[in-house]
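# Secondary and tertiary structure notes
Chain by chain, the residues:
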Amino acid sequence: MIEFPKDFFWGAATSAYQVEGDNLSSDWWEWEKRVNVKEPSGKAARHYEFYAQDFDLAKELNQNCHRLSIEWARIEPEEGKFSTRELEHYQQVILSLKERSLIPIVTLHHFTNPLWFAKLGGWRNKQAGSYFLRYVEKVVSELAGDVPFWVTINEPMVYTYFSYLLGTWPPQDKSLLHSRQVTNNLVNAHIKAYHLIRAIYKKHNLTYPKISIAQNMQAFVPCPPSLKNKLAAYLRHKFYNLEFIERLIAKSTLDFIGMNYYSPSWVGRGEHLPLKKNTMGWDIYPQGLYDLLVSLKIYKLPLFILENGICADNDALRWDYIREHLESVSKAMLHGAKIMGYIYWSLLDNYEWDKGFGPRFGLIEVDYHSYKRYVRESSRKFAEVCKTGRLS
Ligand code: BGC
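Every chain is numbered on its own, with residues counted from 1 as its sequence reads. Whole-chain, interface and lining totals are the exception, using all residues; otherwise, since this is a predicted model, local features are given only for residues with pLDDT of at least 70 and side-chain atom pairs are given and counted only at 80 or more. Here the side-chain values reflect all heavy atoms present in the structure, with hydrogen atoms and water set aside.

All right, on to the site of the ligand then. Any residue with a heavy atom lying within 4 Å of a molecule or strand is counted as near it. Surrounding the ligand, one finds Gln 18, His 110, Phe 111, Asn 154, Glu 155, Tyr 262, Trp 282, Glu 307, Trp 345, Glu 352, Trp 353 and Phe 361. The contact in question runs from an oxygen atom of the ligand to an N or O atom on the side chain of Glu 307, over 2.9 Å. Residues adjacent in sequence count toward polar contacts only when both atoms are side-chain atoms; beyond that, a polar contact is any pair of N or O atoms within 3.5 Å, and within protein one must be able to donate a hydrogen and the other to accept it. Taking Glu 352, its side chain carries an N or O atom lying 2.6 Å from an oxygen atom of the ligand. Surface accessibility follows the Shrake-Rupley procedure with a 1.4 Å probe radius. Residue values consider only the protein chains on display as shielding. Protein burial of the ligand: of its 310 Å² of free accessible surface, 95% is covered by the chains. Polar here means any residue other than Ala, Val, Leu, Ile, Met, Phe, Trp, Tyr, Cys and Pro, which are nonpolar, and Asp, Glu, Lys and Arg, which are charged; Gly is therefore polar. For the shell around the ligand, the residue count by class is six nonpolar, three polar and three charged.

Working convention: axes come from line fits to C-alpha atoms, limited for helices to the stretch in contact. Angles between N-to-C directions cover 0 to 180 degrees. Only DSSP runs of H or I reaching four residues or more are called helices, and only runs of E reaching two or more are called strands; each is numbered from the N terminus. Where helix α8 (residues 156-165) contacts helix α9 (residues 176-203), the two axes come as close as 9 Å, and the packing angle between them is 150°. The angle between α8 and α9 falls in the class roughly antiparallel. Note that α8 runs across α9; the crossing there is right-handed. Here Pro 156, Tyr 159, Thr 160, Tyr 164 and Leu 165 of α8 come into contact with α9, specifically with Leu 176, His 178, Ser 179, Val 182, Thr 183 and Leu 186. Looking at side-chain class alone, the contact of α8 with α9 contains seven nonpolar, four polar and no charged residues. Put simply, angles under 35 degrees are roughly parallel, angles over 145 are roughly antiparallel, angles from 65 to 115 are roughly perpendicular, and the rest are oblique. What makes a crossing left-handed is the near helix being turned counterclockwise from the far one by less than a right angle; a clockwise turn instead makes it right-handed. Contacts between residues were defined by any pair of non-hydrogen atoms, one from each residue, lying within 4.5 Å.

Two aromatic rings, drawn from Phe, Tyr or Trp (for Trp, its six-membered ring), form a pair once their centres lie within 6.5 Å of each other, and the interplanar angle then sorts them: stacked below 30 degrees, edge-to-face above 60, tilted otherwise. Within this structure, the stated rule accounts for 41 aromatic pairs. With 5.7 Å between their ring centres and 65° between their planes, Trp 72 and Phe 132 make a pair best called edge-to-face. On the criterion of sequence distance, the pair formed by Trp 72 in helix α4 (residues 72-75) and Phe 132 in helix α7 (residues 128-143) is long-range, its members being 60 residues apart. For the pair formed by Trp 72 and Phe 132, the shared burial category is buried. Buried means the residue's accessible area, taken with a 1.4 Å probe over protein chains only, is under 20% of the maximum for its type, while exposed means over 50%, and partly exposed covers the values in between.

Moving on: the environment of Asp 255. By the secondary structure assignment, Asp 255 is in the loop between α10 (227-250) and β7 (257-267). Sequence-distant contacts of Asp 255, that is, excluding residues within four places in its chain, are made with Tyr 194, Pro 209, Lys 210, Ile 211, Leu 301 and Pro 302. A polar contact is formed between the side chain of Asp 255 and the side chain of Tyr 194, at a distance of 2.6 Å. There is a polar contact of 2.9 Å between the side chain of Asp 255 and the backbone nitrogen of Ile 211.

So, in structure tokens, the structure goes:
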């Protein structure tokens, strides 16, 4: 029997573009049409309309917090023109979480941008941070009173990798130089946003919120564990997992380390034991989460798992995944890692970017014809853990 602390945060995450539907002013929307993707996002899960019912389900599943994102392109569909209607929409969304005692963890940037911003060069533009801050100021000023956790940027390394290095996501750039420019602009944007958010809370006499990013981390495993592979794995860990957060920690702008973990990355050409996989072919390796959590102790900051999840057609595998990763979390806590909570990705089946609607990550199944929701068995089991704080 494993016992988690009483004040542990239990929840699930979504991101606006992946669930809301009809994000007409976003760069992704335009890109989907232009390159003619196989499956455009369209209505997604229609969460924009059904958020209240979806939060009812999260509540019914005993969650006590919820991670969501705000779509910048809705708030500022044209440069400098802010939509009161959309600001009110998100106020309603936050209110409806509050009514259900679900603590909001709000992400300000989750991969997508307003189209006008992308046309100005997006995150490569020297002014990118200033545009972002103007949006942050609007949103945070509206929602401050009800949001105790802000995540400025989701997975900056994933974003720069797919959008600026590999070139599979908009703007489909493939340049090391550009990817570095974007990384630097994102670092600076976070640092400024951190101070801005705190200034807004101060102005309104509110207790400071906790601010971080959601950093995707991979377990780099040397295989076989030769000296050469160990060194290569260490360097990748330093660069991919740590560089970005270390730059923010150096400026004292991370109140906790928000981390997203899914899978390992093998370093070397050796054979490794065959592991179970998700439907996108990613290996399942709970030990990796333990190793990462323990390695992060050196920063002496609380850790918060902001995403961990599996796309699976076999729901029993989903529960195995959650259970085994929670075992890793608990083991890491026993070894001194201070962990605030565990957020599963995702509350709902959703639009998995360029992979379309095939991968099913949801605790809740979405029927994309009727848009009905079906609670999966795995989420009932997870709900027991959320309720009791115990895993047997
Ligand atoms: C992202 C999500 C995505 C999930 C599964 C994370 O990297 O934040 O947007 O759906 O992984 O691929």
